[in-house]
Amino acid sequence: MKHVKKECVAMLLAGGQGSRLYALTKDMAKPAVPFGGKYRIIDFPLSNCVNSGIDTVGVLTQYQPLVLNEYIGNGHPWGLDRVHGGVHVLPPYESSSGKSWYTGTANAIYQNISFIDRYNPEYIAVLSGDHIYKMDYNAMLDFHKKNNADATIAVLEVPWEEASRFGIMTADENGVITEFAEKPAEPKSNLASMGVYIFSWQNLKKHLIANENDEGASKDFGKNIIPAMLGEGNKLVAYHFEGYWKDVGTIDSLWEANMDLLDPNVPLDLHDHNWRIFSRNPVMPPHYASEKATIENSMISEGCTIDGFVDFSVLFAGVVIEEGAVVRDSIIMPNTTIKKGAVVEYAIIGEDCVIGEGAHIGERPEAIEDKDTWGVAVLGHSVTVSDKAVIGPKAMISENV
Amino acid sequence: MANMSNVLGLIFANMHEQTVPDLTKIRAMASVPFGARYRLIDFPLSNMVNSDIEEVGVVTKDNYQSLIDHIGAGDEWDLSRKTGGLHLLPPYGNSYGIYRGRLEALAHIKPFIKNANCEYILLSDADVIANIDYRPIVDFHKNSGADITVVYGKGTYNAEQCATKTILSVNKSNEIYDVLVRPEMSGEFNVSLNMFVVGKQFLLDLITDAESRNLYSFEVDVLQHKLHDMKVMGYKFDKPFFQIDGISTYIKSNMALVNKNLRDAIFDSDSPIYTKVRDDAPAKYGIGAEVKNSLIADGCVIEGTVENCVLFRGVKVGKGAVIKNCILMQDTVVGAKAEMSNVITDKNVVVSEYRTLSGTEIYPVFVNKGATV
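Everything numeric in this text was worked out from a predicted model, so none of it was measured.

With respect to the packing of aromatic side chains
What the rule picks out here adds up to 20 aromatic pairs over all chains. With a centroid separation of 5.3 Å and an interplanar angle of 80°, the aromatic rings of A:Tyr346 and A:Trp374 are classed as edge-to-face. Remark: A:Trp374 occurs in the loop between strand 29 (360–361) and strand 30 (377–379) and A:Tyr346 occurs in the loop between strand 26 (343–345) and strand 27 (347–349); sequence separation between them is 28 residues. A residue is classified by how much of its surface remains accessible, and A:Tyr346, at 11% relative accessible area, is buried. Aromatic ring contacts, followed pair by pair, group B:Phe34, B:Tyr38, B:Phe43, B:Tyr250 and B:Phe267 into a single cluster. Over the ring of A:Tyr71 we find A:Arg40; its NZ or CZ atom is 5.3 Å from the centre of that ring. Over the aromatic face of B:Phe12 sits the side chain of B:Arg102, whose NZ or CZ is 5.0 Å from the ring centroid.

Considering the packing of helix 6 (residues 201–213) of chain A against helix 7 (residues 221–231) of chain A
Residues and elements named next belong to chain A. At their nearest, the axes of helix 6 and helix 7 sit 10 Å apart, and the two run at 120° to each other. Comparing the axis directions of helix 6 and helix 7 gives the class oblique. For helix 6 against helix 7, the interelement crossing comes out right-handed. Taking contact as the criterion, the partners of Asn203, Leu204, His207, Leu208 and Asn211 in helix 6 are, on helix 7, Phe221, Asn224, Ile225, Ala228 and Met229. Broken down by class, the residue content of the contact of helix 6 with helix 7 amounts to six nonpolar, four polar and no charged.

Here's the deal with the interface of chain A and chain B
The interface is formed by 38 residues belonging to chain A together with 37 residues belonging to chain B. Between chain A and chain B the total buried area reaches about 3,000 Å² when both faces are included, carbon and sulfur atoms providing 49% of it. For the chain A face of the interface with chain B, the top three residues by lost area are A:His271, A:Pro286 and A:Tyr288, together amounting to 20%. Our count for the contact surface shared by chain A and chain B stands at two salt bridges. In this structure, A:Glu302 engages B:Arg37 in a salt bridge whose closest nitrogen and oxygen atoms are separated by 3.0 Å. In this assembly, chain A and chain B are joined by 25 residue pairs in polar contact (both at pLDDT 80 or more). Of the residues in the side of chain A that touches chain B, the class split is 18 nonpolar, 14 polar and six charged. As judged from the three bridges shared by strand 18 (residues 298–300) of chain A and strand 14 (residues 283–285) of chain B, these two strands associate in the antiparallel manner.

Side note on the sheet that holds strand 32 (residues 390–391) of chain A
Residue and element names in this part refer to chain A. Across the sheet, six strands lie side by side as 17-20-23-26-29-32; this open sheet has parallel pairing. What marks the edges here is a single partner per strand, and that holds for strand 17 (294–296) and strand 32. As paired elements, strand 23 (residues 326–328) and strand 26 share three bridges and run parallel to each other. Following the sheet pairing, Val327 is matched in strand 26 by Val344.

Some remarks on the pattern of salt bridges
All names here are of chain A. Here the structure, examined in full by the defined rule, presents 34 salt bridges over all chains. Two residues, Glu179 and Lys188, come together in a salt bridge whose shortest N-O distance is 3.1 Å. By relative accessible area, which is 33% here, Glu179 ends up partly exposed. The class of Lys188 is exposed, set by a relative accessible area of 58%.

Some details on the environment of A:Arg276
Residue and element names in this part refer to chain A. Position of Arg276 among the secondary structure elements: in the loop between helix 8 (251–260) and strand 16 (287–289). When the C-alpha atoms of Arg276 and Ser47 are compared, they prove to be 7.2 Å apart, with 229 residues separating the residues in sequence. Here the side chain of Arg276 touches His273 through a polar contact of 3.3 Å, side chain to side chain.

Conventions we followed
Residues numbered from 1 in each chain as written. Chains lettered and ligands numbered in written order. Predicted model: local features only at pLDDT ≥ 70, side-chain atom pairs only at ≥ 80, totals over all residues. Heavy atoms only, no water. Phe/Tyr/Trp six-rings, centres within 6.5 Å; stacked < 30°, edge-to-face > 60°. Helix = DSSP H or I, 4+ residues; strand = E, 2+ residues; numbered from the N terminus. Buried < 20%, exposed > 50% of the residue type's maximum accessible area, 1.4 Å probe, protein only. Lys NZ or Arg CZ within 6 Å of the ring centre and 35° of its normal. Axes fitted to C-alpha atoms, helices over the stretch in contact; angles between N-to-C directions. Parallel < 35°, antiparallel > 145°, perpendicular 65-115°, else oblique. Left-handed = near helix turned anticlockwise from the far one by under 90°. Contact = heavy atoms within 4.5 Å. Nonpolar A, V, L, I, M, F, W, Y, C, P; charged D, E, K, R; others polar. Buried area = accessible area lost by both parts, 1.4 Å probe. Salt bridge = Lys/Arg side-chain N within 4 Å of Asp/Glu carboxyl O. Polar contact = N/O pair within 3.5 Å; in protein donor to acceptor, adjacent residues only side chain to side chain. Pairing = 2+ DSSP bridges.

This is the structure we're talking about:
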């Protein structure tokens, strides 16, 4: 088949296990984790691609891909069911030279060189599947072209004290990157990589092949490809991003990012029709708040039925909050029921759970003396909690209680 | 269970518009907004799809721009197919003019019906909100040897309502033995839900005959006048339904959905009602929001008090605003401290800050699409 040439193809790294999300990623890859009342994390980079005019996206999957594969489907919800291009799920595969898993981020792209070459692109965007942000990749691509760069890395200024948690770029006054350090103990800069890269394809391809042939290499962009490019004198430039960006790789950051949506001062507007975040919409009736409901400072999705008290919380589609139940500072994923009189505080509750009558999940930090024992309580998916059960703060539950 | 791949669905988009003139001034009956996120056509269209009907024609007359925008290629109903799928049938040719009734509308699309690969045709208007499985109805039609099967429901109606309906007398063997068209009477009646099953050839013959006699009303010229020349059976639909026969029924039907049992019956999760997706964010409740007994769609932002209301997608209720017994359609913006009761706003209405608008239960205030109050 003749493939129409594409200027830029996006490759979305969605194979990570997300082990720091524990129970939430037991049965699904991190990019498939529900976020923000009706989305899954991957909706953000996918929608950014579409809104940026990138219509050819490869999604690299490996860990627990079932939910993610089903969710992406033919790409219709994002307008990515195209005659030319569109979204393609790319799992590891067996070939005549053997079979192998994706052994690193660079190896995952290496194994899909032939997919990318079909579109004969000038550039490729390499994106992480686990960040929450709205970004115009097209503006970044223009910047890449204007600078005649080999690679452009999106960076964000982070507080100095947090810099050692990120990949840190040092750039000269023209924005040309002179040094890159992965999670440095003593950072020389506070420009953190957002995990958004644009590469000129032919040059990247050369590096991917060289890296693959280097047996000692760990086949990783941060550890191998970027340092190799710098070593060879390639032009790498930093593209400054201003706006909301959050890595949701931990329970705390996932909880915070959801809560950020309730904060009118956080610059991530999901109601902006000019940069919609698309998702596979549930087919459910509008939500219903009854005579007995009290709801403030919260996000409620279609299909919910609320008879109880909800404050500072994010409720996904089809959640039921029965009479007298109290939900505070929590995230309740799709189709979960909180029964009569149950209390849920500072918790993330997975999909399809049932919290029994009078049960108590999580605890407010004010109520705990030893702050080290406090944390967000997490229930995985399809967990049933029996009546009157108590699950303390920082708990991580994936079996029925 | 019936083989439904030989059933063609036909939806008449413009019937009964005179019953809700405010709502149909700028749109077809089938695209009248309903239930916070739907349009009336979503019900017959989803019911047909859920009953395994694979080919549906939507017959339009005028004012069908918003309808086309809503149904598009039929993706949301899974009707964007290689074979069959959705067909929009706008008025065609210039020899007919605008049709006067269902028979003339059918005459306009005779070539489409002839070409359709089907044995039976299910005709439906877009005035009934219900979750209907058509499979047992088609089975009933086949087993009873009927020429025409009329789906009916039982209810109590006043004279004004009956003046919009077709009333049926049905005997114990489910045969229809009398038909009254738009009688001004009140009481408990079997009313036609304006859904009919008929064999393809039988329908084509009816159309041809009507054309040659300049007849156009299916109810009067066929059901009534030919009743005793044919076998006409009644199929009783005994689950909940609403038939829009006036603005007051429209309001009551919207508000009835606050009842959980009714909501569960109409939006049965095993046979969901599909609609066009708008990719709105979930509804957001701000500080000071107070919402009671209301249905709220995605995309709403609520910072005021909302009681006994139906809010469509993207409605904004400002700080300190108080709205009661209102139906606010898509993207209505209610300014801070505004007060409204018994008001229906069409799409994109702006109600200014501190404004007070109040209607009564029997005479609600209706605000036209795009108006600023």
